[in-house]
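Here are the chains, one letter per residue:
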Amino acid sequence: MASESVQIETAPTLSVAGKNVSPEPSRGQILWLVVFCYSFYLLVLSLFSNYWEVVGPFGDNQPYAQISSAIRHWDFSQLHPKLFWGLPYAMAVLSKATGASDLKSLLFISMVSSFIAIFIAYRLWGGWVAGFFAVASREWMERSLLGGAEPLFLACIFGAFVAARKERWLLASLLASLATIVRPMGIFALLGIGIALLVKRDFRRFIAAVLIGATIGLLYILPLLLYLGNPLANVKGYDQADWNGGMPLTIPLVAIVKDAMAGRATKLNLARTGLWIVVILVSAAVILGKKSLREYLRMFPVEGAFFAFYLFLLFTYNSYWARAEFPRFAIPIVPFVILGLLPWIPKDRRLLWAFGLLSAALSAVETVGFVRSIEIMRSAL
């Protein structure tokens, strides 16, 4: 299968005097967009807070650093096993090789993986999708620049998509398996690979793909079994801390609505997460209703399966965080969302740049907190 980006029918580009003003952005233009917008995010963030003071306690950085340190010293006696260890393994290797701290290794991996994921997105879906994907989500910018598992996860998943399009099934299986030990939702890409190979009746490669996944999985759970006494010790951590009633799935939207009605969130937070939910539902409806997009999902079954399974999980996840963290959980399907809405997005690079810079500034302020940012500005004046 060719690896060129998907060509989906879209609305005409904006024009002046009958002439198109913005052909699809090139790789170089996407690179400059990402560099400038991400630098602008860091600049705005630095006006309101110290970068390292934000990075230290941000997200799961501290638990990831603790796991990485435990791996480097091979001492798990004081470790709470929640979180998947694919990223900490990469951090431990980089830290051991360079002498960098676990936190700096995390930041380096997150930033480099983010650029890799964006440019693989360019190869898969073209410049408009890659450009808007890079700047549309505050959570993506945060995980790219402050640390998180999502950039490494998506670099592996998108790499698996490219390999599958080229019918390099064993490489696709390896990348999807590595993605799964970073974030468990990588299993959806593995399922897509298995489905595609079974439909093709390519049983030899199907067995090989299963063996690759099983080998990666066995190597991953072996230390958990030997040193923590449970091959699913980190999954058990989610059971105790995140899942309502110990069940990972529930009826669609139940956990989201329950949290929204609990009254714990601000109106601004509810509006923001609500907007993300509506946008993704609308985009999913467009994808399922538009013939060319349905054909795309059939043409590339690994991507189609990943999108379908992930979308189902997103709305049935039975967690206290199902609504509050919805925009972060949604990151892996943001390119699909943009692809679905692309016919209605003006194809103007000036708009993309303006949107990107505005998104970077607002995202930085949101990272610090709107109230705190206003207080800092008032004290400065």
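Structural notes, computed from the coordinates. (Residues numbered from 1 in each chain as written. Predicted model: local features only at pLDDT ≥ 70, side-chain atom pairs only at ≥ 80, totals over all residues. Heavy atoms only, no water.)

**Describing the overall build of the protein**
Piece 1. Helix and strand content of the protein: 20 helices and two strands.
Piece 2. Burial status across the protein gives 51% buried among its 381 residues.
Piece 3. Taking contacts inside the protein between residues at least 6 apart in sequence as the whole, the part at least 24 apart equals 77%.
Piece 4. Accessible surface, the protein: about 17,900 Å² in total, of which carbon and sulfur atoms supply 67%. (Helix = DSSP H or I, 4+ residues; strand = E, 2+ residues; numbered from the N terminus. Buried < 20%, exposed > 50% of the residue type's maximum accessible area, 1.4 Å probe, protein only. Contact = heavy atoms within 4.5 Å. Areas by Shrake-Rupley, 256 points an atom, 1.4 Å probe, with all protein chains shown as cover.)

**So, the side chain of Ser110**
Piece 1. Within the secondary structure, Ser110 sits in helix α5 (residues 102–125).
Piece 2. For Ser110, a relative accessible area of 1% translates into the label buried.
Piece 3. If sequence neighbours within four positions are ignored, Ser110 has contacts with Arg143, Ser144, Gly147, Gly148 and Pro151.

**Things to note about the pattern of salt bridges**
Pairing is possible between side chains that carry opposite charge, provided their charged atoms lie close to one another.
Piece 1. One pass over the full model with this rule turns up 16 salt bridges.
Piece 2. We note a salt bridge from Asp259 to Arg264, for which the minimum N-O separation is 2.5 Å.
Piece 3. Judged by relative accessible area, Asp259 falls into the buried class, the value being 9%.
Piece 4. Of the charged contacts, one joins Arg328 and Glu325 as a salt bridge, the two residues approaching to 2.8 Å between their closest N and O atoms.
Piece 5. Its relative accessible area of 12% is what places Arg328 among the buried residues. (Salt bridge = Lys/Arg side-chain N within 4 Å of Asp/Glu carboxyl O.)

**Examining empty space enclosed by the protein**
Piece 1. Across all of its chains, the model carries two cavities of 30 Å³ or more by this definition.
Piece 2. In this model, the largest cavity occupies a volume close to 70 Å³.
Piece 3. Phe58, Gly59, Asp60, Asn61, Tyr64, Arg143, Gly147, Gly148, Ala149, Glu150, Arg183 and Arg328 together form the lining of the largest cavity.
Piece 4. In terms of residue class, the lining of the largest cavity is built from three nonpolar, four polar and five charged. (1 Å grid on protein atoms, 1.4 Å probe; cavity = no way out; pocket = protein on both sides within 12 Å on 5 of 7 lines; lining within 4 Å. Points joined across faces, edges and corners; volume = space filled by probe spheres on them. Nonpolar A, V, L, I, M, F, W, Y, C, P; charged D, E, K, R; others polar.)

**Structural notes on a nonpolar patch on the surface**
Piece 1. On the surface, a cluster of nonpolar side chains totalling about 450 Å² of accessible area is made up of Leu31, Trp32, Val35, Phe36 and Leu357.
Piece 2. At four residues, the largest contribution of residues to the nonpolar patch is made by helix α1 (residues 27–48).
Piece 3. Assignment of secondary structure puts Phe36 in helix α1. (Patch = residues over 30% accessible without salt bridge, like charges linked within 9 Å, V, L, I, M, F, W, Y side chains within 5 Å.)

**Quick word on the packing of aromatic side chains**
Piece 1. Following the criterion strictly, the structure yields 26 aromatic pairs and no others.
Piece 2. Between the aromatic rings of Trp32 and Phe36, the centroid separation amounts to 5.8 Å while the plane-to-plane angle is 50°, which identifies the pairing as tilted. With a gap of four residues between them, Trp32 and Phe36 both fall in helix α1, about one helical turn apart.
Piece 3. Taking the relative accessible area as the measure of exposure, Trp32 reaches 54% and is therefore exposed.
Piece 4. Judged by centre distance (5.6 Å) and plane angle (90°), the ring pair of Tyr317 and Phe329 falls under edge-to-face. Taken together, the positions of Tyr317 in the loop between α16 (301–316) and α17 (326–329) and Phe329 in helix α17 put the pair 12 residues apart, joining distant regions of the chain.
Piece 5. Taken together, Trp125, Phe133, Trp140, Phe158, Phe161, Phe188, Phe306, Phe307, Phe309, Tyr310 and Phe336 form an aromatic cluster joined through their ring pairs.
Piece 6. Directly above the ring of Phe300 sits Arg165, whose terminal nitrogen or CZ lies 4.0 Å from the centroid. (Phe/Tyr/Trp six-rings, centres within 6.5 Å; stacked < 30°, edge-to-face > 60°. Lys NZ or Arg CZ within 6 Å of the ring centre and 35° of its normal.)

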